[in-house]
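# Commentary on secondary and tertiary structure
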Amino acid sequence: MATTQPIVPHHVAIVMDGNGRWATKRFLPRVAGHKQGVDSLSRCVQACIDRGIAVLTVFAFSSENWNRPSEEVSGLMELLALSLSREVPSLKANGVRLHFVGDRQRLSEKVQAGLAQAELGTSANQRLVFNVCFNYGGRWDIAQAAQKLVDSGQAITEMSMDRAMALAHVPDPDLLIRTGGELRISNFLLWQAAYSELHFSDKLWPDFDAAALDEAIAVFRSRERRFGKTSAQLNSQGNTQQEADAQNMKAA
Ligand code: IPE
Ligand code: IPE
Ligand code: MG
């Protein structure tokens, strides 16, 4: 018998894939799909708040996405700048705490300042921690964490790495969703997804709605999270979700 999962996962991570195909199907430029993707993300943030999800982490632009045609890359950079001014006020009012996760050095100074301002302006919020991974790669994250430890003369252990990773401020994701039908991780949370439950949706990201999120949550709830143990062990110990969460939490 599966161990009962909590009503909602604490931390949901999403690879928001399928914007380009959404646009192409409608004979629109790919950037139009990315714009729809931002609207879908706003609705998703609200759906997470409504469901009491504590942490949402999304993959918005990967280290590898620089290899796309230059007009798409510049469209995505403009969309980031535009979304900062359009979306941040309502996120702020809704109790959302924003974190941008990734290598910022390649972004324009203006955008870097906008990211820092958005983070500072929402830093007192507590309803939802919202991590936006931009110019992020799982390999970049592991390498930067290891470099930090080397620079400060610390030993490399799982615990010290956990603390040096870009998502050290939140526990690992419980549920990792990828939309768009592809069955791969594409360099997303390589370290942190070690024990995440994976859910792949065929819906293109602009079409991913609250019902699709509920379906992913329902699938998550039906899973038995064993963390290396046997089913019998979990049942005999009356393993509660709090215990499972505790095992999955980063060491303090
Ligand atoms: C995901 O959608 C958004 C980014 C990678 C920026 P895609 O743009 O990859 O959409 P598809 O996969 O081409 O449909
Ligand atoms: C992953 O999607 C990156 C984001 C959603 C930001 P991609 O569309 O870039 O992934 P691949 O290239 O199909 O693996
Ligand atoms: Mg894609």
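Residues numbered from 1 in each chain as written. Chains lettered and ligands numbered in written order. Predicted model: local features only at pLDDT ≥ 70, side-chain atom pairs only at ≥ 80, totals over all residues. Heavy atoms only, no water.

Per an unreviewed UniProt entry, the protein chain goes by the name Isoprenyl transferase and belongs to Polaromonas aquatica. You can read under Subunit (unreviewed entry) in the UniProt record for the protein chain the words "Homodimer." (UniProt positions renumbered as here; feature names shortened; annotations may be inferred.)

Regular strands place side chains that alternate from one sheet face to the opposite one. By the criterion of burial, strand β3 (residues 96-101) is predominantly enclosed, with 5 of the 6 residues buried. Looking at chain direction, β3 and strand β4 (residues 128-136) are connected through 6 bridges and run parallel. Across the sheet, F100 pairs through a bridge with V132, a residue of β4. (Buried < 20%, exposed > 50% of the residue type's maximum accessible area, 1.4 Å probe, protein only. Helix = DSSP H or I, 4+ residues; strand = E, 2+ residues; numbered from the N terminus. Pairing = 2+ DSSP bridges.)

For the rest of this paragraph, the subject is the nonpolar core. Grouped together as the largest cluster of nonpolar side chains are 42 residues, with contacts concentrated most on I14, V45, L56, L128 and F130. Examining the composition of this core, we find that 7 residues originate from one element, helix α3 (residues 70-93), more than from any other. The residues touching F130, leaving out its near neighbours within four places in the chain, are L41, V45, L56, V58, L91, V96, R97, L98 and H99. (Core = buried A, V, L, I, M, F, W, Y, C linked by side-chain atoms within 4.5 Å. Contact = heavy atoms within 4.5 Å.)

Here the focus is the site of ligand 2. Around ligand 2, the surrounding shell consists of V15, M16, D17, F59, A60, F61, S62, N65, R68, R178, R184 and S186. Taking R184, its side chain carries an N or O atom lying 2.8 Å from an oxygen atom of ligand 2. One of the side-chain nitrogen or oxygen atoms of S186 is found 2.6 Å away from an oxygen atom of ligand 2. Protein coverage of the free-state accessible area of ligand 2, which is 390 Å², stands at 78%. In terms of residues, the shell around ligand 2 owes the most to one element, strand β2 (residues 55-62), which gives 4 residues. Of the residues belonging to the shell around ligand 2, the class tally is 5 nonpolar, 3 polar and 4 charged. (Near = heavy atom within 4 Å. Polar contact = N/O pair within 3.5 Å; in protein donor to acceptor, adjacent residues only side chain to side chain. Areas by Shrake-Rupley, 256 points an atom, 1.4 Å probe, with all protein chains shown as cover. Nonpolar A, V, L, I, M, F, W, Y, C, P; charged D, E, K, R; others polar.)

Moving on, we come to the sheet that holds strand β5 (residues 175-178). Picture the strands of a sheet paired through backbone hydrogen bonds; they go either parallel or antiparallel. Pairing is parallel in the open sheet, where 6 strands are placed in the order β3-β4-β2-β1-β5-β6. At either margin of the open sheet sits one strand with a lone partner, and together these are β3 and β6 (197-200). Each strand axis lies, on average, 20 degrees off the axis of its neighbour in the sheet, ignoring direction. In terms of strand pairing, β5 meets β6 through 4 bridges, oriented parallel. The residue bridging R178 from the neighbouring strand is F200, located in β6. Here helix α2 (residues 30-51) sits on the sheet and contacts β1 (11-15), β2, β3 and β4; the angle it forms with β4, its principal contact strand, is near 145 degrees. Taken strand by strand, α3 contacts β2, β3 and β4, and its axis lies near 160 degrees from that of β3. (Axes fitted to C-alpha atoms, helices over the stretch in contact; angles between N-to-C directions.)

A separate point is the site of ligand 1. Among the 13 residues in the neighbourhood of ligand 1, the closest are listed as D17, G20, R21, R30 and R68. Within the contact set of ligand 1, an oxygen atom lies 2.8 Å away from a side-chain nitrogen or oxygen of D17. Between ligand 1 and R68 there is a distance of 2.7 Å, counted from an oxygen atom to a side-chain nitrogen or oxygen. For ligand 1, whose unbound accessible area comes to 380 Å², protein coverage reaches 87%. Contributing elements (two or more residues each) for the shell around ligand 1: α1 (19-25), α2 and α3. Broken down by element, the shell around ligand 1 gets its largest block of residues, 3 residues, from α1. Among the residues forming the shell around ligand 1, the class breakdown is 3 nonpolar, 5 polar and 5 charged.

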